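In case you want the letters, here they are:
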Amino acid sequence: VQLQASGGGLVQAGGSLRLSCAASGRTFSRYAMGWFRQAPGKEREFVAAISWSGGSTDYADAVKGRFTISRDNAKNTVYLQMNSLKPEDTAVYYCAADNIWTSIVVRITYTAYDYWGQGTQVTVSS
């Protein structure tokens, strides 16, 4: 699976962005998908994940209520809608695919993910 993230940019605090991650390959619908982010000088951290069926999601506490992950398996695309952005959301955002066998749970550790996109920069100004 090859992943291409897009949609990043510069936005003022309180604004919104929608990230997209387009996947190649016919087996996209069998992968759980996750978004992670990495700020300068910090470790990569979990943001959100969605099961391959879309029935299960999970979010980092820092983004709950502000970010929404979704997927369109017909378009081989996963989205991250980010609202009420804060300066601390500034980071490079990566999408990733997890070949997990179940759709009941999703994983939040980046080592569980098998494929990664190239990242898209999100900058939130105060």
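See the structure above.
Residues numbered from 1 in each chain as written. Predicted model: local features only at pLDDT ≥ 70, side-chain atom pairs only at ≥ 80, totals over all residues. Heavy atoms only, no water.

### Observations concerning the pairing of strand β3 (residues 17–23)
Reasoning step 1: Counting buried positions along β3 yields five of seven residues, so the element is predominantly enclosed.
Reasoning step 2: Relative to β3, strand β1 (residues 3–6) is paired through four bridges, and the arrangement is antiparallel. The partner of A5 across the bridge, within β3, is C21.
Reasoning step 3: Pairing geometry for β3 and strand β8 (residues 77–82), over six bridges, is antiparallel. Counted as the bridge partner of C21 is V78 from β8. (Buried < 20%, exposed > 50% of the residue type's maximum accessible area, 1.4 Å probe, protein only. Helix = DSSP H or I, 4+ residues; strand = E, 2+ residues; numbered from the N terminus. Pairing = 2+ DSSP bridges.)

### A short note on the environment of A39
Reasoning step 1: Tracing the chain through its elements places A39 in the loop between β4 (32–38) and β5 (45–50).
Reasoning step 2: Considering only alpha carbons, one finds A39 and Y93, 54 residues apart in sequence, at a separation of 8.8 Å.
Reasoning step 3: Beyond its immediate chain neighbours, meaning those up to four positions away, A39 contacts T90 and A91. (Contact = heavy atoms within 4.5 Å.)

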